[in-house]
Amino acid sequence: MGYIKLTLPKHSDDELTNSTTTTPLLYSADSLNHNQYNIHNSNINTNNSIVMPPYADIDGGLPQKSGDILGGDPDIGVETAHQISSDSWFQVGFVLTTGINSAYVLGYSGTIMVPLGWIGGVVGLLAATAISLYANALVAKLHEFGGRRHIRYRDLAGFIYGRRAYSLTWALQYVNLFMINTGFIILAGSALKAAYVLYRDDDALKLPYCIVIAGIVCGMFAIGIPHLSALRIWLGVSTVLSLIYIVIAIVLSVRDGVETPPRDYSIPGDKVSKIFTTIGAAANLVFAFNTGMLPEIQATVRKPVVQNMMKALYFQFTVGVAPMYAVTFIGYWAYGSSTSTFLLSSVRGPVWVKTLANVSAFLQTVISLHIFASPMYEYLDTRFGITGSALAPRNLGFRIMVRGGYLTFNTFVAALLPFLGDFMSLTGAISTFPLTFILANHMYLRAKKNKLSSGQKLWHWLNVCFFGLMSLAAAVAALRLISVDSKTYHLFADL
């Protein structure tokens, strides 16, 4: 077996995006940090430098193919079956905007504004926007840390902390994305049920049945679209669909708000329940803006990856949040504390208009789910070597069996516990808080510790501690809400 040297760019972390010079000397045997990197089956030569065999297991990432250039980018040191560095920052910005303006926005009036009221809701949304942009920028700036691109969240965590962090981050991210996708299927089923009852209110088509239909359609779309970059035209379709249901919801809400008497904006519940619903709403705030898969999305952007990703983030948190703000605030203004967790269930208007809005929400949810399921698809496709033509019989059969099986389980959980607001709160508590705020701040602190002032270090530690406490409190509140709703409604409830 031959040996080759592992190369990294010869420059500082801050210069990574602008330099292409490399050096063959990676680590010396005397200076290697064995706590961060665990290199197996390597050979130390007489010059006291380490040379790597073709398969070198570096703790902090999956086994690397040192001699291969994968994904079309020589700076990427891990194998992937999906496309890398192929999309413009504008397309990536639309991916992020599609996520933030998914049909979930139709629930924020009821799940954020109702528990928080006008002052808490408005201030909370603005604060969540600012801190989410900040936290995502921290992760984006670490994308090329250490002289290589980290195309997965778990790869970045593993590179900084080691193998255990790699596994823990993967578990957190899997839970995060699984619950987001479960929520999307609940949303799609709710939109389908809302469209059905406009014509027949006979309870023949129950919510669990609608959820199953939604799961089948999501599965068909997942089989037809091989990877995230292949969405392309579908992102434009998603934007049009989002505008349809957002504009309809806003217009009908304004009309209802003008025609109805003054609304009650008081926060419902007793003192104890208000505490728990407020904490749960705080989790919904961070859920609204964050994906938990920023490195995976950033992997698709063209070079320079950090600068282009920052453009995409600025687009998301300026132009992208405007429709969400509008529908959230206007929906609450129109219906007050009686706003439902799915705004289209509250609005009044022509049947055909409400049908168009619900069908648009259903279809857009199918596209959005594919975005948030893509890290799991990428892992499975890479793990089993699914490359080449998307229509090859082996690849098509794999997607049918594996992606179909994954979404079948998603659909079962969605039908079993169709409590959308509770899912949003629990997802924000146990995965969005840790991934987006706790881990982002601590990774940046760990990676840039020699370049940060004492004040900056203190700031990041305060963020880690504060969001750690928020995560714990929000998890308790979300579990309580699920427990209460489980007593009020039965499993496979027709809400």
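Structure: see above.
Anyway, here's the lowdown on the structure attached to this text. (Residues numbered from 1 in each chain as written. Predicted model: local features only at pLDDT ≥ 70, side-chain atom pairs only at ≥ 80, totals over all residues. Heavy atoms only, no water.)

Quick look at the environment of Tyr377
Counting through the fold element by element, Tyr377 comes out in helix α11 (residues 351-383). Along the backbone, Tyr377 and His227 are 150 residues apart, and their C-alpha atoms lie at a distance of 7.6 Å. (Helix = DSSP H or I, 4+ residues; strand = E, 2+ residues; numbered from the N terminus.)

A word on unusual backbone geometry
Residues apart from glycine generally show negative phi values, whereas peptide bonds are mostly found in trans. Following Lys303, the chain continues to Pro304 via a peptide bond in cis, the omega torsion being -5°. Tracing the backbone shows Pro304 in the loop between α8 (294-298) and α9 (305-316).

A few points about the packing of aromatic side chains
Here the structure, examined in full by the defined rule, presents 26 aromatic pairs. Between Phe145 and Phe159 the ring centres are 5.9 Å apart and the planes differ by 85°, which places this aromatic pair in the edge-to-face class. With Phe145 in the loop between α2 (108-141) and α3 (153-161) and Phe159 in helix α3, this pair connects stretches of sequence that are 14 residues apart. On the basis of relative accessible area, Phe145 is assigned to the buried category, the value being 13%. The class for Phe159 is buried, based on a relative accessible area of 6%. With a centroid separation of 5.5 Å and an interplanar angle of 50°, the aromatic rings of Phe384 and Phe398 are classed as tilted. One end of the pair, Phe384, is in the loop between α11 and α12 (393-416); the other, Phe398, is in helix α12, and 14 residues separate them in sequence. An aromatic cluster is built from Tyr174, Phe178, Tyr377, Tyr406 and Phe409, whose rings are joined through pairwise contacts. The ring of Tyr166 has Arg163 sitting right over it, with the charged end atom 5.5 Å from the ring centre. Geometry around Phe384 places Arg383 over its ring, the cationic atom sitting 5.3 Å from the centre. (Phe/Tyr/Trp six-rings, centres within 6.5 Å; stacked < 30°, edge-to-face > 60°. Buried < 20%, exposed > 50% of the residue type's maximum accessible area, 1.4 Å probe, protein only. Lys NZ or Arg CZ within 6 Å of the ring centre and 35° of its normal.)

Side note on α9
The terminal C-alpha atoms of α9, which comprises 12 residues, lie 16 Å apart, in line with the 16 Å expected from a rise of 1.5 Å per residue. Most of α9 is tucked away: 9 of the 12 residues are buried. Looking at α9, one finds that the buried residues are Val305, Val306, Asn308, Met309, Met310, Ala312, Leu313, Phe315 and Gln316. Looking at the buried positions of α9, the neighbouring elements they touch are α1 (89-100), α2, α7 (271-289), α8 and α10 (321-335). (Expected span 1.5 Å × (residues − 1). Contact = heavy atoms within 4.5 Å.)

Some details on a nonpolar patch on the surface
A cluster of nonpolar side chains, namely Trp118, Ile119, Val123, Val254, Val258 and Trp333, defines an oily patch on the protein surface of about 570 Å² accessible area. At the level of elements, α2 and α6 (233-259) are the ones that each hand at least two residues to the nonpolar patch. Among the elements that take part in the nonpolar patch, α2 stands out by supplying 3 residues, more than any other. As for its placement among the helices and strands, Trp333 is situated in helix α10. Given the relative accessible area of 30%, Trp333 is considered partly exposed. (Patch = residues over 30% accessible without salt bridge, like charges linked within 9 Å, V, L, I, M, F, W, Y side chains within 5 Å. Areas by Shrake-Rupley, 256 points an atom, 1.4 Å probe, with all protein chains shown as cover. Salt bridge = Lys/Arg side-chain N within 4 Å of Asp/Glu carboxyl O.)

As for the packing of helix α5 (residues 207-224) against α12
The interhelical angle for the contact between α5 and α12, taken along N-to-C directions, is 155°, at an axis separation of 9 Å. When the axes of α5 and α12 are compared, the pair comes out roughly antiparallel. With respect to the hand of their crossing, α5 and α12 are arranged in right-handed fashion. Taken together, the residues of α12 that come into contact with α5 (itself represented by Pro208, Ile211, Val212, Gly215, Cys218, Gly219, Ala222 and Ile223) are Leu396, Arg399, Ile400, Arg403, Leu407, Thr411, Ala414 and Ala415. (Axes fitted to C-alpha atoms, helices over the stretch in contact; angles between N-to-C directions. Parallel < 35°, antiparallel > 145°, perpendicular 65-115°, else oblique. Left-handed = near helix turned anticlockwise from the far one by under 90°.)

So, the pattern of salt bridges
This structure, assessed with the given rule, holds 5 salt bridges. Asp202 is the partner of Arg200 in a salt bridge, and the nearest nitrogen-oxygen pair spans 2.6 Å. Residue Asp256 pairs with Arg348 through a salt bridge whose shortest N-O separation is 3.8 Å. Of this pair, Asp256 sits in helix α6 while Arg348 is found in the loop between α10 and α11, placing the two residues 92 residues apart along the sequence. One salt-bridge network, in which partners are shared between bridges, spans Arg152, Asp155 and Glu378.

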